[in-house]
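So the chains spell out like this:
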Amino acid sequence: MTTKKTTKQQRATGTQQRRPRIGLALAGGGPLGAIYEIGALCALEEAIAGLDCCDCEGYVGISAGGFIAAGLANGLSPRQLCAAFIDGSAAPAERFEPARLLQPAWDEFGQRARRLPALLARAGWDSLVKRRSLLAAAERLGRALPTGLLSSEALAAQLRRQFEQPGRSDDFRQLKRRLVLVATDLDSGEAVPFGMPGRDHVPISRAAQASAALPGLYPPVEIEGRHYVDGALKKTIHASLLLDEGVDLLICLNPLVPYRAEASAPIPSLVDGGLPLVLSQTLRSLIRSRLELGLRGYENSHPDTDILLFEPDPGDAEIFMANTFSYSKRRHLAEHAYQATRAALRERAPRLREQLGRHGLALREEVLADASRRLLSSPAPTRTEAALQRLRADLDRLEAAYAR
């Protein structure tokens, strides 16, 4: 008696005879999201035979995931991204400095301040002459508040310099693979896929800047008279942009998951952490619930595509509480993401063998079994240790000079 093969099984034989069409969808998550995704991608590429993160059929990125997707589409491997963003071992022109994320939005402050005298006069007129309420006057003065506290211009300039290096491009149309960076049109609320036909003339660096413009933190980014903010306002990963291209396998990374607090956990009750932890948990819960809904829809609308989702464990307090602006902490978190992804691959191995096998890919069992593998060779020195190292080097040079 023969059994009827599923659609995926029917496609498997043909897929193994040709190059699999692999898509990569990277969600946002701020600096923490970028760190997690770099560590996870390094682990995935090492552990999956046949996976080349720089040679996928297409990429879609949102917010911090957009920076990573743009780098991969430009031929920067996960290890090279690690050297630039995490390790600091890349060439000086390639290194990413976190301080670029913390520059005040002076231009925005100045533009809003120039509006203040006219707004004060108008509010006073409404209150004293027209006898309108103080609340109405306060609402008018709200127009003087900046739309963002930090500037993303230095970050966009850094990306532009990196993508203008030989062999790379800041032009979507010159890339070998499809790259889509999603932002949200502030005035319409619609998701805008930069990189798709009709939206591919916008520089990649500008589109990435717009996709990561988190409202309240960064001002909206103006492109051709429209203002754009974070692409995650509509969906978490916008995977349909690749699924509709007919990919065989879609790998999704989502750095932000709600923390599962338990009595035995390092953080037994989030309310004890005050407003920051409550807001973080709320945001993560909203992001994750939308992702779950989207994935269920994708399974129904694209049954021929295998979708693999990788994300932190809900009980991972280290990721939840991370301070991503500490250099040594960035290295630690990237290593943590790398090892956690390797552990997830080992745990999911029986199912993954079947899913990957349908597309001519395979788990490197010996790589996953090697407990000595690390993302980074050694911990980064602290600021004090780095200063002492520089001092010792200077003293050695002085001693050598006097000895001549």
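Rules and cut-offs
- Residues numbered from 1 in each chain as written.
- Predicted model: local features only at pLDDT ≥ 70, side-chain atom pairs only at ≥ 80, totals over all residues.
- Heavy atoms only, no water.
- Salt bridge = Lys/Arg side-chain N within 4 Å of Asp/Glu carboxyl O.
- Helix = DSSP H or I, 4+ residues; strand = E, 2+ residues; numbered from the N terminus.
- Buried < 20%, exposed > 50% of the residue type's maximum accessible area, 1.4 Å probe, protein only.
- Polar contact = N/O pair within 3.5 Å; in protein donor to acceptor, adjacent residues only side chain to side chain.
- Contact = heavy atoms within 4.5 Å.
- Phe/Tyr/Trp six-rings, centres within 6.5 Å; stacked < 30°, edge-to-face > 60°.
- UniProt positions renumbered as here; feature names shortened; annotations may be inferred.
- Core = buried A, V, L, I, M, F, W, Y, C linked by side-chain atoms within 4.5 Å.
- pLDDT = per-residue confidence, 0-100.
- Patch = residues over 30% accessible without salt bridge, like charges linked within 9 Å, V, L, I, M, F, W, Y side chains within 5 Å.
- Areas by Shrake-Rupley, 256 points an atom, 1.4 Å probe, with all protein chains shown as cover.

Novice: Please clarify how the pattern of salt bridges should be interpreted in this entry.
Specialist: A side chain of one charge can pair with a side chain of the opposite charge if their charged atoms are brought near each other. Within this structure, the stated rule accounts for 23 salt bridges. A salt bridge links Arg173 to Asp171; its shortest N-O distance comes to 3.1 Å. For Arg358, the salt bridge is made with Glu354, and the minimal N-O distance between the two is 3.2 Å. Linked through salt bridges whose partners overlap, the residues forming this network are Arg19, Arg21, Asp55, Glu57 and Arg177.

Novice: Looking at this model, I keep getting lost on the side chain of His302. Mind explaining?
Specialist: Inspection of the secondary structure assignment puts His302 in the loop between α10 (275-301) and β9 (306-310). Classification of His302 as buried rests on a relative accessible area of 15%. Here the side chain of His302 touches Asp244 through a polar contact of 2.8 Å, side chain to side chain. A distance of 2.7 Å separates polar atoms of two side chains, one belonging to His302 and the other to Ser301. In this structure His302 touches Leu243 and Asp244, once residues within four positions along its chain are discounted.

Novice: Looking at this model, I keep getting lost on the packing of aromatic side chains. Mind explaining?
Specialist: How two aromatic rings sit relative to each other is set out by the distance from centre to centre and by the angle between their planes. Within the structure shown, the criterion is met by 4 aromatic pairs. Considering the side-chain rings of Trp106 and Phe109, the 5.7 Å spacing of their centres and the 85° angle between planes classify their relative orientation as edge-to-face. Placement of both Trp106 and Phe109 in helix α5 (residues 106-128) is noted, with a separation of 3 residues, approximately one turn of the helix. The exposure class of Trp106 is exposed, given its relative accessible area of 61%.

Novice: Sorry if this is basic, but what is going on with the UniProt feature "active site" (unreviewed entry) in the protein chain here?
Specialist: Following the UniProt record, the feature "active site" (unreviewed entry) maps to Ser63 and Asp230 here. Taking the farthest pair of C-alpha atoms as the criterion, the annotated set spanning 168 residues converges on one region, since that pair is 6.0 Å apart. Locating Ser63 in the fold gives a position in the loop between β3 (58-62) and α3 (64-73). Apart from residues no more than four positions distant in its own chain, Ser63 is found in contact with Gly28, Gly29, Ser211, Ala212 and Asp230. Mapped onto the secondary structure, Asp230 falls in strand β7 (residues 226-230). Discounting chain neighbours no more than four positions away, the residues touching Asp230 are Ile62, Ser63, Thr184, Ala210, Ser211, Ala212, Ala213, Leu214 and Pro215.

Novice: Would you mind showing me how to read the nonpolar core here?
Specialist: Side chains of a nonpolar character, in soluble globular proteins, are inclined to be buried together. Among the nonpolar cores identified, the biggest contains 79 residues, and Leu72, Leu179, Phe194 and Ile251 are the most heavily contacted of them. With 11 residues, helix α2 (residues 30-47) is the largest single contributor of residues to this core. Not counting residues up to four positions away in its chain, the partners in contact with Leu72 are Leu24, Leu26, Leu41, Cys53, Cys54, Tyr59, Ser77, Pro78 and Leu81.

Novice: It is not clear to me how the confidence of the model for the protein chain should be interpreted in this structure. Could you clarify?
Specialist: Any segment with low pLDDT has predicted coordinates that should not be analysed in fine detail. Considering every residue of the protein chain, the mean pLDDT works out to 86; 84% of them sit at 70 or more. This stretch, residues 1-5, has a pLDDT under 50; its non-local contacts, to residues over four places away or in other chains, come to 1 contact.

Novice: Could you clarify how one ought to interpret a nonpolar patch on the surface in this entry?
Specialist: Where nonpolar side chains cluster on the molecular surface, the patch consists of Leu275, Val278 and Leu279 and spans about 280 Å² of accessible area. You can see Leu275 is positioned in helix α10. Taking relative accessible area as the criterion, Leu275 reaches 57% and is therefore assigned exposed.

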